[in-house]
Amino acid sequence: MDISHIINQLGEERENYFNAVSPPIIQSSNFAFKNFRAFKSAMANELGNHIYTRGNNPTVAILRKKLAALEKAEDALVFSSGAAAIANAVISQVQAGDHIVCVQNPYSWTHTLLSKFLSRFGVEHDFVDGRNLDAIQSAIKSNTKVLYLESPNSLTFELQDLKACAAIAKKHKLISIIDNSYCSPYYQNPISLGIDIVVHSGTKFINGHSDVVNGIVCSSKVIINKIFHHEFMTLGAIISPNDAFLVMRGLRTMPLRMERSFTTALKVIAFLKEHPKVEKIMFPLDPSFDQYELAKKQMKGCAGFFTFSLKADSMEKVELFFSKLKRFLLAVSWGGHESLILPIAALYGIEGRPDPVIPWNLVRMYIGLEEADVLIKDLETALAVL
Ligand SMILES: *Cc1c(COP(=O)(O)O)cnc(C)c1O
């Protein structure tokens, strides 16, 4: 199925709503039945019918079909956040006494889910360097149930060899889960490589307009059905029909946005590489990246999201550099229309919070839809203070 068909047609039954091109927002918590028999038969299959919006809603259902098809998965569920999608997916596969092997440096709230939340319920974990397949193998114990991956991650972009990890998981009868937010389903389809469950923060590239928080779980019908009847319905972290509509609107332009972000980033990176105050670029599709060959092998591409290090002799200098930027917004998150910059130095010395494990001269940068020369000029001015 081609991407344009999925984005523009799949799941949309326009003849049912006046041939409107844009789908209706079914803003209803509840759905009524013609008679006793119809109600009874719907109750036998809550996921396959519209009974109550905590379960299934027609607007959300269109989005689910598109996301599952984009990920080459049998089915998908949409959540109120990426964090909810991750928590539901992981919790669905473990019980007290089980063990999870997780890559080092996953998304911060994934780290908290394992280290502070699931540990309270008797689920153990080990964080391992996912670049090293032997490290993954040797962390697996008799009670390990889940291999949790994030490739690339969203700060220093370490990759895992997904085919090899899927084979390890199969051999040890583990469920493999990957956070695929960095690539989005447009540029990487882990299920095709043998991974069992794919999770996304749909807040990033999929919605792409910095106006909706949402998350996605894609997997087989069997796994999605199980998550639906247990975690999804009991924890209730659903997306609203209105937000599902907005995510669908964002999805229409996802390929375009990601391609533009990438081509602009190549120009910005070429400028940064030549600049005497820039030390190093970390970007999976840059030939200088440690795991460039693996990135080229398993990713179809990526957008313009990378980290670079400044040649700065003090944090004050870094702060000065940031104060000069006018076209980049200083913010967390990424994947929207606007270029963003995140100073790692600002995360140092915060009371009650451990210092980051990565150096303070690192700068994370997300390239939005602005013109390359506008962004480069802004960086040129700011770098001059170093
Ligand atoms: C943002 C993010 C999440 C969490 O998603 P939310 O939608 O913010 O809950 C998970 N993983 C990665 C890699 C992210 O960047």
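Above this text is the structure in question.
Residues numbered from 1 in each chain as written. Predicted model: local features only at pLDDT ≥ 70, side-chain atom pairs only at ≥ 80, totals over all residues. Heavy atoms only, no water.

1. Some words on the site of the ligand
With respect to spatial proximity, 15 residues lie near the ligand, and among them Gly-82, Ala-83, Asp-179, Thr-203 and Lys-204 are the closest. For the ligand, a nitrogen atom lies 2.6 Å from a polar atom in the side chain of Asp-179. The contact in question runs from an oxygen atom of the ligand to an N or O atom on the side chain of Ser-201, over 2.9 Å. (Near = heavy atom within 4 Å. Polar contact = N/O pair within 3.5 Å; in protein donor to acceptor, adjacent residues only side chain to side chain.)

2. Topic: helix α5 (residues 108–117)
Listing the buried residues of α5 in full gives Thr-110, Leu-113 and Leu-114. Here the buried residues of α5 occupy an arc of 80° about the axis, which is enough to place them on one side. In this structure, α5 carries Trp-109 and Lys-116 as exposed residues pointing more than 90 degrees from its buried face. Among the structural elements, α4 (82–91), β2 (99–103), β3 (124–128) and β4 (144–150) are those in contact with the buried residues of α5. (Buried < 20%, exposed > 50% of the residue type's maximum accessible area, 1.4 Å probe, protein only. Helix = DSSP H or I, 4+ residues; strand = E, 2+ residues; numbered from the N terminus. Arc of directions from axis to C-beta. Contact = heavy atoms within 4.5 Å.)

3. Things to note about the pattern of salt bridges
This model, assessed by the stated rule, comprises eleven salt bridges. Between Lys-297 and Asp-161 there is a salt bridge, with the nearest N and O atoms lying 3.5 Å from each other. Remark: Asp-161 occurs in the loop between β4 and α7 (162–171) and Lys-297 occurs in helix α12 (residues 292–298); sequence separation between them is 136 residues. The class of Lys-297 is exposed, set by a relative accessible area of 59%. Three or more residues are tied together by salt bridges with common partners; here these are Glu-12, Arg-14, Lys-66 and Arg-252. (Salt bridge = Lys/Arg side-chain N within 4 Å of Asp/Glu carboxyl O.)

4. Considering the packing of aromatic side chains
Within the structure shown, the criterion is met by 16 aromatic pairs. For the ring pair Phe-283 and Phe-306, a centre distance of 5.9 Å and an interplane angle of 65° mean the geometry is edge-to-face. Of this pair, Phe-283 sits in the loop between β8 (278–282) and α12 while Phe-306 is found in strand β9 (residues 305–310), placing the two residues 23 residues apart along the sequence. Across the pair, Phe-306 and Phe-283 agree in class, each one buried. Taking the centre distance of 4.5 Å and the plane angle of 25° together, the rings of Phe-305 and Trp-334 count as stacked. Residue Phe-305 is found in strand β9, and its partner Trp-334 is found in the loop between β10 (329–330) and β11 (340–343); the two are separated by 29 residues along the sequence. An aromatic cluster is defined as three or more aromatic residues linked by ring pairs; in this entry it consists of Phe-157, Tyr-182, Phe-205, Phe-305, Trp-334 and Tyr-366. Note that Arg-120 overlies the ring of Phe-117, its terminal NZ or CZ placed 5.5 Å from the centroid. (Phe/Tyr/Trp six-rings, centres within 6.5 Å; stacked < 30°, edge-to-face > 60°. Lys NZ or Arg CZ within 6 Å of the ring centre and 35° of its normal.)

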